[in-house]
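Observations on the model geometry
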Amino acid sequence: MKATSLGLESATSKTIHYQSKLTRSLEHEVNNRSNPNSFRLPYLKTLHLLSVKFSSDESVAKLLESCEVLDDLVIKQTKDGNVMIFNINVPSLRSLTIDNSKGKRAYVEEKHGFVINAPSLEKLEFKDTFSNFLKFEHMPEVIMANIKVVCDQSEKFIGSLTSVQHLSLCSLTSKTPYPSGTLFFFLEHLELCTCSAGWTNLLTCILNDAPRLRTVKLKSQHGARYNDPMNLWNEPTVVPECLTMNLEFLEWRQYEGTEQERKVAAYILANATCLKRATFSTRCRNKYHRMLKKLKKMSRVSETCQLVFD
């Protein structure tokens, strides 16, 4: 699709995919209108921006402002660009996919990343291995979120996902990973990466604040890639409601039987009264039988809990 030749402000197409060269012409049209407010894509439902190099933060904002009923947005960045903060302010958006993880980037000290304001958002797929800044405004409709980021400001985005039911999370976290008082009342399925130093603290917080949690999956997707010393498990002061009332399945991939992993496993097995199955697998085949023996010795409060070893 040729952006400038078709008069996009009156186009009726509901889906547009842009790659680098095509989007330059679109950006030129948006930025060089004598009346920028006249540029509109009133029927556009789906927009994919693939390897696009915008001229500035403002050019991204103008493009998205023109999409009045945008439902699905995909952004895949693979090259350095001039945008420092992607400000995604789209009230109608229901599905957002961002992949900012490929290609080589020069180190930048200035703040660079994403600010997302999408109050109607229901599904979020976010992978970002470069940004040092990330902020979500309140997202009361998000049901499913898959987030893999290196940004260490989890308090600026995890707390916005209070309606989430399925949460997959890989992130550096601080001692307070999200604002105090946050409640994940609808969360039933949690997948947590154990590659960062603060994962045990994050797990404790979510166990305390997700009373309906039914499934917990732990796995090390990247190994302990952060060089910080691993924090030891500090178990909750009071047994979380999800353990006494709802947790049914525990799945632990890449279990290595370290001291803190044993403590986490022992605590869950000893307190999850409704647990039906606990599955463990390991990459350390030479330690398999020793780890298996230690797991079997752990006390299980649920008499019907089945231990499974892959």
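Provided above is the structure to which this section pertains.
Structure report, in brief.

Counting its regular elements, the protein chain contains six helices and 15 strands. Burial status across the protein chain gives 47% buried among its 310 residues. A separation of at least 24 residues holds for 62% of the contacts in the protein chain among residues at least 6 apart in sequence. Of the accessible surface of the protein chain, which amounts to about 15100 Å², a share of 48% is contributed by carbon and sulfur atoms.

Take helix α5 (residues 259–271) next. Between its first and last C-alpha, α5 extends 19 Å over 13 residues, near the 18 Å set by a 1.5 Å rise per residue. Taken together, the buried positions of α5 are Q260, E261, V264, A265, Y267, I268, L269 and N271. Buried residues belonging to α5 abut α3 (199–209), α4 (241–245), β13 (249–252), β14 (277–280) and α6 (288–297).

Counting 77 residues, the largest nonpolar core has L73, I88, I116, F126, F136, I147 and L203 as its most contacted members. No other element matches the six residues that α3 contributes to this core.

So, on to the sheet that holds strand β6 (residues 113–117). One open sheet accounts for three strands, arranged β4-β6-β8; its pairing is parallel. Strand pairing shows two members of the sheet lacking a second neighbour, β4 (85–89) and β8 (133–136), which therefore form its edges. Between one strand axis and the next, the sheet turns by 10 degrees as a mean value, whatever way the strands run. Relative to β8, β6 is paired through four bridges, and the arrangement is parallel. Counterpart to I116 in the pairing with β8 is F136.

We now examine the pattern of salt bridges. As enumerated under the stated definition, the model contains eleven salt bridges in all. Between E191 and K219 there is a salt bridge, with its nearest N and O atoms 3.0 Å apart. Here E191 is found in strand β11 (residues 189–193), whereas its partner K219 is found in strand β12 (residues 215–219), with 28 residues between them in sequence. Across the salt bridge formed by E259 and K263, the nearest N and O atoms sit 3.4 Å from each other. Of this pair, E259 and K263 both sit in helix α5, four residues apart, which is roughly one turn of that helix.

Conventions used here
Residues numbered from 1 in each chain as written. Predicted model: local features only at pLDDT ≥ 70, side-chain atom pairs only at ≥ 80, totals over all residues. Heavy atoms only, no water. Helix = DSSP H or I, 4+ residues; strand = E, 2+ residues; numbered from the N terminus. Buried < 20%, exposed > 50% of the residue type's maximum accessible area, 1.4 Å probe, protein only. Contact = heavy atoms within 4.5 Å. Areas by Shrake-Rupley, 256 points an atom, 1.4 Å probe, with all protein chains shown as cover. Expected span 1.5 Å × (residues − 1). Core = buried A, V, L, I, M, F, W, Y, C linked by side-chain atoms within 4.5 Å. Pairing = 2+ DSSP bridges. Axes fitted to C-alpha atoms, helices over the stretch in contact; angles between N-to-C directions. Salt bridge = Lys/Arg side-chain N within 4 Å of Asp/Glu carboxyl O.

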